[in-house]
Amino acid sequence: MRRALLIAVPYVWLLALFLVPFFIVLKISLSDTELAIPPYTPTLDLSQGWAGIKGFFSQLDFENYVWLTEDDLYWKAYLSSVKIALISTFLTLIVGYPIAYGMARAPEEWRPTLMMLVILPFWTSFLIRVYAWMGILSNEGYLNQILLWTGIISTPLTILNTQSAVYIGIVYTYLPFMILPVYSALERMDGSLIEAAEDLGCSRFQAFWLVTVPLSKPGIIAGCFLVMIPVIGEFVIPSLLGGSGTLMIGKVLWEEFFSNRDWPVASAVAVVLLLILVIPIVLFQRNQQKQTEADQ
Amino acid sequence: MKLKMLTMTAVVALGASAAFAEEVRVYNWSDYIDEDLLKKFEEETGLTLIYDVFDSNEVLETKMLAGGSGYDVVVPTGTFLQRQIQAGAFQELDKAKLANSGNLWDVIQDRTSGYDPNNAYSINYMWGTTGLGVNVAKVKEVLGDDVALNSMDLVLKPENMEKLSSCGVHFLDAPTEIIPMTLQYIGEDPDSHDKDVIAKTEEILTAVRPHIQKFHSSEYINALANGDICVAVGWSGDILQARDRAAEADNGVEIEYHPFAEGSLMWFDQMAIPVDAPNPEGAHKFLDFILDANNMAAASNYVYYANGNKASQEFLEEDVIGDPAIYPDETTMQNLYITTPYPAKTQRVVTRLWTKIKSGT
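Just so it is clear, the model here is predicted, and its values are computed rather than measured.

(A) How the structure looks around the nonpolar core. Core analysis: the biggest nonpolar cluster contains 103 residues, and B:Val73, B:Val155, B:Leu224 and B:Val231 have the highest contact counts within it. Each of two domains, domain 1 (2-128 + 267-328) and domain 2 (129-266 + 339-359) of chain B, supplies a minimum of three residues to this core.

(B) Looking closely at the interface of chain A and chain B. In this assembly, 23 residues from chain A lie in contact with 28 residues from chain B. Elements supplying a minimum of two residues to the side of chain A that touches chain B: α4 (72-105) and α13 (249-258) of chain A. Of all the elements, α13(A) adds the most residues to the side of chain A that touches chain B, at 3 residues. A class-by-class count of the residues in the side of chain A that touches chain B yields 9 nonpolar, 9 polar and 5 charged.

(C) Seen up close, the domain arrangement of chain B. All names here are of chain B. Examined at the domain level, chain B breaks down into domain 1 (2-128 + 267-328) and domain 2 (129-266 + 339-359). Spacing between the C-alpha centres of domain 1 and domain 2 amounts to 29 Å. With 16 residues of domain 1 at the interface, the matching set in domain 2 holds 19 residues. Those elements that place two or more of their residues in the side of domain 1 that touches domain 2 are α4 (78-86) and β4 (122-135). Here the side of domain 1 that touches domain 2 takes 3 residues from α4, the largest share from any one element. Here the residues of the side of domain 1 that touches domain 2 sort into 8 nonpolar, 5 polar and 3 charged.

(D) Region of the structure containing the confidence of the model for chain B. All names here are of chain B. Here chain B averages 90 in pLDDT, and 94% of its residues register 70 or above. Predicted confidence is poor over residues 1-19, with pLDDT under 50, and the contacts of this stretch with residues over four places away or in other chains come to 0 contacts. The ipTM, which scores confidence in the relative placement of chains, is 0.74 for this predicted complex, and the corresponding pTM is 0.79.

(E) Layout of the pairing of strand β7 (residues 231-235) of chain B. Residue and element names in this part refer to chain B. With respect to burial, β7 is a largely interior element, 5 of its 5 residues being buried. Where β4 and β7 come together, 5 bridges link them in antiparallel fashion. Residue pairing across strands places Thr130 opposite Trp235, the latter belonging to β7. Where strand β5 (residues 169-171) lies against β7, 3 bridges are found, and the strand directions are parallel. Bridging across to β7, Val169 finds its partner in Val231.

Conventions and cut-offs
- Residues numbered from 1 in each chain as written.
- Chains lettered and ligands numbered in written order.
- Predicted model: local features only at pLDDT ≥ 70, side-chain atom pairs only at ≥ 80, totals over all residues.
- Core = buried A, V, L, I, M, F, W, Y, C linked by C-beta atoms within 7 Å.
- Buried ≥ 20, exposed ≤ 12 C-beta atoms within 10 Å, placed from the backbone.
- Domains from an automatic or database assignment.
- Contact = placed C-beta atoms within 7 Å.
- Helix = DSSP H or I, 4+ residues; strand = E, 2+ residues; numbered from the N terminus.
- Nonpolar A, V, L, I, M, F, W, Y, C, P; charged D, E, K, R; others polar.
- pLDDT = per-residue confidence, 0-100.
- Pairing = 2+ DSSP bridges.

Pasting the structure below:
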């Protein structure tokens, strides 16, 4: 009995916080818009009993999903979001790996402090940190002022409101999510393996490439998924740092919801986004499972 | 003893909920009031004022249509107000509780009754025009001294925009402002709801699109004031605030606001009470406070927008009432136009067109 209760707890959480909201969104995505509160129809009327429920279900249809296939905006936005996510995940890895490596190689007594430094930015609101980047990257911002002052450039660079600013913002924001799993993989690594590789005639680089990188693979994979999955649905960074040309599904969703007041189509976009995200998550889980099996 | 404790808790809880009811929650546009007025309201009425801000009608509308926003007073623009009234989002005002409603200006009342018949649901807070904010020195440097700073040519002619792109141009991220403006430019009815007519704006806007740095509805205030951009298509009062911020910062940036010579869009921000407001009594008190001639004048003197309060005009400072950019002269007034809300189907066409113009897809 007690055991059943204990097991029930996570399932209740899952039901209340994931499945119920998902079915509400799914239901709205099958409805039609209307100028009312709430702005869609039909709404479930339980007072009419069984007939009300039947009437409710008979009014639902897949029209909105058909609509998503008719306008090329949606798949272009999905594609562009995936592209931005892939590129920025790669960039985050390139930047994050050396940092994690350096941390893992640092003397043991420094490591907690270094770890602290990576986590420290989380103590400031995410929104404020993105706004700070606006101040750094704008035409009259700090970066341009320094570059102009040192004479490296003669006219200010336009970075803010371009795709580059979006990448800078994403890499900066998600960097800790890459560093931490890679670091924990590297830290666990046995240093004598490198010595062995070098004894067997590997150069330093070969030892890194043939021993260190494969051993840190689980960390790399975990980091990549932790970065890529939220970036696909990212809305704040592209809308604050990006130009109007940055097409991302999060923004399209916003526009369906706020400009068109079309909650049903917005919900359909969200359901499809969820399905797209489920694929990497399943892959991730399978990888984790393989990992635990391998460890045993 | 236990019972006594219980009753005491109940009394405390009741007291707490009574105190809770004495809050008034106001949801207004950002940078849109003199904050001293908020303190004054609390002192005069003893109510606790919770004041939140938004920067787009769309955000407000979504909250209204979702219901249960928890706000007692909200401030939608006329076209949005009209649609939200149709959706049943507001309650009729109780004029008996608005002792100061006689202060309202009939000229503005007349125009707003187009959105809110008989002005039954709302009072006018402020009104203004959509026009051009220019950094005079930079624009003249780029386009020469004799450029017309009040013409739509400045932002809708590709050859001008190509040159201006070097110093930065922002447009409002509001299709309901920019599309009527473009229609006015090509001589069509700015309030057209005809899809084919609306589609004509695409060519004009796509041609200047590469030279527009950003579409945003509030960032241009700071960007103009800091000298980050040299031209913005924006709302009158916001640009005048940018002008004042630049003057205060004394950074050598000189900003001017001009309504379009071709005719500008006139808009009205209306205060209304949501149908499910938790404290409609307090909401009426807030509206009556705003209707007070002195208070309304203080707000206008602070934000540089014209208001719909005739009695407040004698308290307005000369640089507000005397500035034709805020209170336009008779001929400019004749040139101003208004728009009505798009039906849902047309709205979808407009949003889609807007996305296409902005992102090229």
